[in-house]
Amino acid sequence: MGSETTLKLPLIDFTNLNLEEANNPNWETVKYQVHKALVEYGCFEATFDSVPLDLRKAIFAALKELFDLPLQTKILNVSNKPYHGYVGQYPMVPLFESIGIDDANVYEKVESMTNIMWPDGNPSFSKTIQSFSEQLSELDQIIRKMILESLGVEKYLEEHINSTNYLLRVMKYKGPETSDTKLGLSTHTDKNIVTILYQNQVEGLEVLTKDGKWINHKPSPNTFIVMIGDSLHAWSNGRLHSPFHRVMMSGNEARYSAGLFSVPKGGCIIKAPEELVDEEHPLLFKAFDHVEFLKYYYSEKGQRDQFALRTFCGV
């Protein structure tokens with residue numbers, strides 16, 4: 001058991017890196033680290049100084065304010081996309097609730113969602129959510145640029161970035177009020193392109209390694225978790241790993257987290273570039289519509305299917 005506790009996710013420093021400075025001498029070093037981490041773990045911890053400390057603190061105050069609203073208010077956040085509206089009241093995961101904010105980097109979109117929750121408006125909430133999402137979207141784009149460069153397919157970058165929107169999903173896990181470990185969120189892979197997660201300092205996130213060991217992540221106020229979803233796993237023709245992860249809770253304290261998800265736009269077809277398919281890397285997944293994949297995944301059969309992507313569109 002002792003060795004399992006020492007497992008850690010790779011830590012990568014993005015300090016002073018931005019999209020305009022791809023000729024920064026650190027760019028190649030960091031790009032190599034990103035590629036290695038995503039092949040081996042599908043996931044890493046990132047230091048990124050473009051999100052100021054006061055904004056990081058403000059995001060948790062905003063989340064608490066949002067989740068403290070009455071249930072009849074929170075359920076007004078609805079979406080025609082699975083898992084984009086209010087999610088909660090599930091007997092399987094009683095500690096978990098989540099609220100989705102589509103296009104969270106666009107102030108007007110955040111404001112319209114805010115006005116449903118607070119009919120008199122709540123400008124400070126809107127500004128916090130929008131600023132946080134906008135700053136993190138820069139990290140998402142830096143990482144995706146590095147990924148495409150390291151795969152040798154950077155010519156698709158603009159098309160790749162333009163094929164996605166940003167969803168900020170904010171999450172609360174109630175403390176189970178026991179020292180026993182309780183399930184916060186079931187084992188799953190993300191279905192999107194890239195997830196960037198920021199968490200308060202309550203432990204719970206566990207990531208499964210390729211050889212079947214769980215890494216218990218200790219959150220830090222200074223870092224973000226970056227994780228690959230199934231859509232990028234398929235687009236990269238399996239070269240990047242989409243890791244299983246879960247949340248396990250104990251103690252009395254609530255866990256809050258905010259995840260920025262780059263999500264394929266409606267009607268977007270996920271298809272591996274021909275450059276990534278060869279004799280050594282035969283095609284693993286047929287081209288698929290991301291929304292249709294989500295519909296399958298959230299069906300009764302899909303929810304029981306550990307390898308939903310393979311079932312849905314595997315070659």
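Above this text sits the structure in question.
Residues numbered from 1 in each chain as written. Predicted model: local features only at pLDDT ≥ 70, side-chain atom pairs only at ≥ 80, totals over all residues. Heavy atoms only, no water.

Caption draft 1: Summary view of the sheet that holds strand β9 (residues 214-216). Strand order in this open sheet of 4 strands is β6-β11-β8-β9, and the pairing throughout is antiparallel. Two strands in the sheet have a free side with no partner beyond their single neighbour: β6 (178-188) and β9. Here the strands of the sheet are splayed against their neighbours by 25° on average, with no regard to which way each runs. Inspection of the sheet shows strand β8 (residues 205-208) paired to β9 by 3 bridges, in the antiparallel sense. Each residue of the ladder has a partner; that of E206, found in β9, is N216. (Pairing = 2+ DSSP bridges. Helix = DSSP H or I, 4+ residues; strand = E, 2+ residues; numbered from the N terminus. Axes fitted to C-alpha atoms, helices over the stretch in contact; angles between N-to-C directions.)

Caption draft 2: View of the sheet that holds strand β10 (residues 223-228). Here 8 strands make up an open sheet; going across it, the order is β1-β2-β10-β7-β12-β5-β4-β3 and the pairing mixed. The open sheet has two edge strands with one neighbour each: β1 (11-13) and β3 (86-87).

Caption draft 3: Summary view of the environment of P221. Structurally, P221 is set in the loop between β9 and β10. Residues P221 and L53 lie 168 residues apart in sequence; the distance between their C-alpha atoms is 8.6 Å.

Caption draft 4: Inspection of a nonpolar patch on the surface at higher detail. A surface patch of nonpolar side chains, about 250 Å² in accessible area, is lined by V277, L283 and V315. Here V315 is to be found in the segment after α11 (308-313). (Patch = residues over 30% accessible without salt bridge, like charges linked within 9 Å, V, L, I, M, F, W, Y side chains within 5 Å. Areas by Shrake-Rupley, 256 points an atom, 1.4 Å probe, with all protein chains shown as cover. Salt bridge = Lys/Arg side-chain N within 4 Å of Asp/Glu carboxyl O.)

Caption draft 5: Structural view of the nonpolar core. Counting 72 residues, the largest nonpolar core has F14, V34, F44, L66, F132 and I147 as its most contacted members. Those residues in contact with F14 that sit more than four places away from it in its chain are V30, V34, F44, A46, T47, F48, L139, I142, I143 and M146. Listed in part, the 19 residues of the second largest apolar core include L9, L95, M171 and I225. (Core = buried A, V, L, I, M, F, W, Y, C linked by side-chain atoms within 4.5 Å. Buried < 20%, exposed > 50% of the residue type's maximum accessible area, 1.4 Å probe, protein only. Contact = heavy atoms within 4.5 Å.)

Caption draft 6: Unusual backbone geometry, seen in detail. One non-glycine residue, D103, adopts positive backbone phi at about 50°. Checked against the element boundaries, D103 lands in the loop between β4 (96-102) and α5 (107-117). Here the phi dihedral of E177 falls at roughly 60°; this positive angle occurs in a residue that is not glycine. Residue position: E177 is located in the loop between β5 (164-173) and β6. The class for E177 is exposed, based on a relative accessible area of 59%.

Caption draft 7: Focus on the pairing of β8. Here β8 shows no split at all, with L205 and V207 on one side and E206 and L208 on the other all buried. As judged from the 3 bridges shared by β8 and strand β11 (residues 245-251), these two strands associate in the antiparallel manner. Each residue of the ladder has a partner; that of E206, found in β11, is R246. Between β8 and β9, which pair antiparallel in sequence order, lie 5 residues; one of them, G212, sits at a positive phi of approximately 85°.

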